[in-house]
Amino acid sequence: MFEAFTNQPIRLIGEDGSRTQPFELDLGVDELLQIHRDMIRSRVCDERLIPILRQGKTSFYAQSTGMEATQIGIAWGTRKKHDWYWPYYRDNGLILTLGMPLKRWISQLLGSNDDVCKGRQMPQHFSDPENHIASICSAIGSHIAPAAGTAIAQKYLGTDEITICTFGEGATSEGDWHAGVNMASANKAPCLFICENNQYAISLNVRDQTNSKNIAVKGHAYGIPGFYVDGQDVLAVRAVVKQAAEYIRAGNGSVLIECLTYRIGTHSSSDDDSRYRSKEEVESWRAQDPLVRFERFLEKEGILPAREEIEAYYGSVLAEFEEALSTSDASGYPTWEILFDDVYSDLPDHLAQQAIYVREENL
Ligand SMILES: Cc1ncc(C[n+]2csc(CCOP(=O)(O)OP(=O)(O)O)c2C)c(N)n1
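Remember, predicted model here, so these are calculated numbers, not experimental data. (Residues numbered from 1 in each chain as written. Predicted model: local features only at pLDDT ≥ 70, side-chain atom pairs only at ≥ 80, totals over all residues. Heavy atoms only, no water.)

Here's the deal with the pattern of salt bridges
Short version of the rule: Salt bridges are defined as contacts in which a side-chain nitrogen from Lys or Arg sits within 4 Å of a carboxyl oxygen from Asp or Glu. We count a stretch as a helix when DSSP gives it H or I for four or more residues in a row; a strand needs E for two or more, and each element gets its number in order from the N terminus. Throughout, exposure labels follow a simple rule: accessible area from a 1.4 Å probe, protein chains only, divided by the maximum for the residue type, with under 20% read as buried, over 50% as exposed, and the rest as partly exposed.
This structure, assessed with the given rule, holds 23 salt bridges. Residue D342 pairs with K118 through a salt bridge whose shortest N-O separation is 3.0 Å. Taken together, the positions of D342 in the loop between α11 (307-330) and α12 (349-362) and K118 in the loop between α4 (102-110) and α5 (144-157) put the pair 224 residues apart, joining distant regions of the chain. Take D342: its relative accessible area is 54%, and that puts it in the exposed class. A residue is classified by how much of its surface remains accessible, and K118, at 26% relative accessible area, is partly exposed. The salt bridge partner of R307 is E295, with a shortest N-O separation of 2.9 Å. A residue pair is termed long-range when its members are at least 10 positions apart, and R307 in helix α11 and E295 in helix α10 (residues 290-300) qualify at 12 residues. A residue is classified by how much of its surface remains accessible, and E295, at 10% relative accessible area, is buried. Via salt bridges that share partners, R11, E15, D230 and R293 belong to a single interconnected network.

Below is the structure:
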């Protein structure tokens, strides 16, 4: 049983890959190796998307390198295709591990005909109904109240599904965040709020954003447990998320978890991070790579695959990426006609007039 409101982040694996405390592992070898592959897949896709952005194939992207333990741990601690997710725009590892097809994600980034929204959402604002992943909204913190609403509906309907809502620490200084967490906790709604604290809201360091000693303590204000977890430790994140999900599923109301992590890349495609943080700081966190830590753990357990096997897996993800990219690109790009589709069953007159006008313009 993990305790809420600890002073130090909850951790199961140390930097050197050894267990920080004795614990019983409720995961088999195949599952541990799948977690490893999920972390690699997220990393490879993240790195591959930078040149895609620079080539102008998409216009916006939010990197997740360095945050894999947090995001993959969340996916492994909850029930895929059963629970409902309100993620945020940086959740690349989470959505892939939940089962969102790579091609669906890439099509959304390209805005090609294969995109479920046909290019009408901003890039990196994905959604996937099949995997219970709600659409991203750019306005920070605006998805907290809708997530609380989903959880209240789940309680009302008496299902054993829960809602998982993720966000950066910056979101916790938005009024919407407080309104949403209050609404969920007051209703004892089955909502798991998870803060991916990567320590910067664009250029603003977390220490300049809140006077609270960490994010987890904010649970006190709403009468819900707040867990402080080492977000570079995939097994700790998965274990705390699983414990919290079971507590919520048993009808105890909402929970807040903070995963302390770090964003290695820039905030998005349009900021110069050397203006607000030092190279040394970034390098010190690069040295705490969650993927390397998990590999050290697998090595100590005697189950780390041979280097050639790991390299072959990197190669297969790259091939999968290229295939998804080329088929998505080959589906072509929407034309102006889609501006008038999918909103009204019968197009109102004024829009029908505008469609005629735009058609003439485009002939
Ligand atoms: C309401 C609102 N204010 C400001 C912005 C501009 N903005 C976009 S991302 C961001 C930082 C968010 O930081 P955080 O929640 O910590 O997530 P991170 O990007 O660090 O993962 C800001 C201020 C916005 N999108 N919405």
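So that's the structure; there's more coming.
Some details on the site of the ligand
Definition in use: When at least one non-hydrogen atom of a residue lies within 4 Å of a molecule or strand, that residue is treated as near it. Polar contacts here mean pairs of N or O atoms no more than 3.5 Å apart (in protein, one a potential hydrogen donor and the other a potential acceptor; neighbouring residues in sequence count only if both atoms are side-chain atoms). Throughout, the Shrake-Rupley method with a 1.4 Å probe supplies accessible areas, and for residues the shown protein chains are the sole cover considered. Each residue is assigned to one class: nonpolar for Ala, Val, Leu, Ile, Met, Phe, Trp, Tyr, Cys and Pro, charged for Asp, Glu, Lys and Arg, and polar for all the others, Gly among them.
Residues in contact with the ligand amount to 16 residues; listed here are only the nearest, Y88, Y89, R90, G170 and Y200. One of the backbone N or O atoms of G170 is found 2.8 Å from an oxygen atom in the ligand. N198 places a side-chain nitrogen or oxygen 3.0 Å from an oxygen atom of the ligand. In the complex, 71% of the free accessible area of the ligand, which totals 580 Å², lies under the protein chains. Grouping the constituent residues of the shell around the ligand by class yields 8 nonpolar, 5 polar and 3 charged.

Topic: helix α6 (residues 175-186)
Worth spelling out the cut-off: The length a helix should cover is 1.5 Å for every residue beyond the first. Directions are taken from the helix axis to each C-beta atom, and the arc is the one they span.
Over its 12 residues, α6 runs 16 Å from end to end, which matches the ideal 16 Å to within 8%, given 1.5 Å per residue. Residues W177, G180, V181, A184 and S185 constitute the buried set of α6. For α6, the angular spread of buried residues about the axis comes to 125°, placing them on one side. α6 presents G175 and A186 as exposed residues on the side facing more than 90 degrees away from its buried surface.

Regarding the packing of helix α1 (residues 29-54) against α4
Each pair of packed helices gets described by two things: the angle between the helix axes and the distance between those axes. Worth spelling out the cut-off: A fitted line through C-alpha atoms serves as each axis, taken over the contacting stretch for helices, and the angle formed by two N-to-C directions is quoted from 0 to 180°. Here roughly perpendicular refers to angles of 65 to 115 degrees, roughly parallel to angles under 35, roughly antiparallel to angles over 145, and oblique to all remaining angles. When the near helix sits turned anticlockwise from the far one by under a right angle, the crossing is termed left-handed; a clockwise turn instead gives a right-handed crossing. Between two residues, a contact is recorded if the distance between any of their heavy atoms is within 4.5 Å.
Put simply, α1 and α4 touch, their axes get as near as 13 Å, and they point 25° apart. The pairing of α1 with α4 is recorded here as roughly parallel in orientation. Crossing angle aside, the handedness with which α1 passes α4 is right-handed. Contacts from R41, C45, L49 and I52 in α1 reach L102, W105, L109 and L110 in α4.

Geometry only, nothing functional implied.
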